[in-house]
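Residue-level structure breakdown
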Amino acid sequence: MAEVKLYNQDCINAMKEIEESSVDLILTDPPYNLGNFMKNRDTNLKKMRENFFGSAGWDDMEFGDWEKAMDDFFKASAKVMKKGGSMIVFMAIIKVETIIRLAEKHGFYYKTTGIWHKTNPMPRNMNLHFVNSTEAWIYFTYKTRTGTFNNDGAMFHDFVETSVTGNGERKYGKHPTQKPESLMQHFVDLLSNPEECVLDPFMGSGTTGVAAKRLDRNFIGVELDETYFNMASKRIKEAK
Ligand SMILES: C[S@@+](CC[C@H](N)C(=O)[O-])C[C@H]1O[C@@H](n2cnc3c(N)ncnc32)[C@H](O)[C@@H]1O
């Protein structure tokens, strides 16, 4: 039976409590910190917020403060990661270079920048510009050049396509950036093995935890916001 351990606190503090060199896969989706960027562009932020942004932490920072927070996150990740472990970090495409630079500083070996394509995005302003339908995911291994890659001889593209998160996966409450379960399952399956340990330090509504539990991995999840934490706890507990 998969073991689950959840923390309702800042991930940098929580990660101090996790055993060193014990995590096989970090699969996470930190705040992209696009709040200020959007504000400066005079975007209708209230509407954007309702649709896209999490309400807690690290989302409205000055760039330098966010960069420092991400630096602390990679430092904490390096401590808990096993040599040869893997990491996937979701991120806005415009921030990819910063993430690679910070991760490499802490011993992560950069492998791939891939794309998640949403097949049915909100058709916002579709007659004015390109509809936003992509996010990046960045793949690293820790202190080795390869890690677990359960491809079974199949070829995997650096491109994953799913529909946006359906209402059936939202019955525990609304999280503005909830990822689809099939997307997280794809990475858990490919980059870790049963009974290994998967960590999501920014778990939001708990999607990584649902995927890990389903695939018989142990899971450690951290979420700062109490409402999202409670949502994730219930969702992971009841996941089958
Ligand atoms: C992009 S969302 C993750 C969504 C998640 N992948 C899902 O499917 O629901 C990022 C989450 O990180 C949380 N967060 C922000 N700063 C944090 C911190 N310092 N420690 C832990 N969680 C944090 C936010 O409250 C938010 O729920």
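Everything below is about the structure printed above this text.
Let me begin by describing the structure that accompanies this report. (Residues numbered from 1 in each chain as written. Predicted model: local features only at pLDDT ≥ 70, side-chain atom pairs only at ≥ 80, totals over all residues. Heavy atoms only, no water.)

So, the packing of helix H4 (residues 63-80) against helix H5 (residues 96-105)
Helices that pack against each other are described as a pair by the angle of their axes relative to one another and the distance between those axes. At their nearest, the axes of H4 and H5 sit 9 Å apart, and the two run at 40 degrees to each other. Between H4 and H5, the angle is such that the two are oblique. In this structure, H4 meets H5 at a crossing whose hand is right-handed. Where H4 approaches H5, its residues Phe-63, Trp-66, Glu-67, Met-70, Asp-71 and Phe-74 are matched on the opposing element by Thr-98, Ile-99, Arg-101, Leu-102, Ala-103 and Lys-105. (Axes fitted to C-alpha atoms, helices over the stretch in contact; angles between N-to-C directions. Helix = DSSP H or I, 4+ residues; strand = E, 2+ residues; numbered from the N terminus. Parallel < 35°, antiparallel > 145°, perpendicular 65-115°, else oblique. Left-handed = near helix turned anticlockwise from the far one by under 90°. Contact = heavy atoms within 4.5 Å.)

A word on helix H7 (residues 207-214)
Most of H7 sits out of view: six of its eight residues are buried. Burial in H7 covers these residues: Thr-207, Thr-208, Gly-209, Val-210, Ala-211 and Ala-212. The secondary structure elements touched by the buried residues of H7 are strand E2 (23-28), helix H6 (181-191), strand E7 (197-200), strand E8 (218-222) and helix H8 (226-238). Downstream of H7 by one or two residues, Asp-216 has phi in the positive range, about 65 degrees. (Buried < 20%, exposed > 50% of the residue type's maximum accessible area, 1.4 Å probe, protein only.)

Brief notes about the site of the ligand
Of all residues adjacent to the ligand, which total 22 residues, the nearest are Asp-29, His-175, Ser-205, Thr-207 and Glu-223. At 3.2 Å from a nitrogen atom of the ligand is found a side-chain nitrogen or oxygen belonging to Asp-10. Side-chain polar atom of Asp-29 to a nitrogen atom of the ligand: 2.9 Å apart, as the coordinates give it. Burial of the ligand by the protein amounts to 98% of the accessible area it has alone, namely 610 Å². For the shell around the ligand, the residue count by class is nine nonpolar, eight polar and five charged. (Near = heavy atom within 4 Å. Polar contact = N/O pair within 3.5 Å; in protein donor to acceptor, adjacent residues only side chain to side chain. Areas by Shrake-Rupley, 256 points an atom, 1.4 Å probe, with all protein chains shown as cover. Nonpolar A, V, L, I, M, F, W, Y, C, P; charged D, E, K, R; others polar.)

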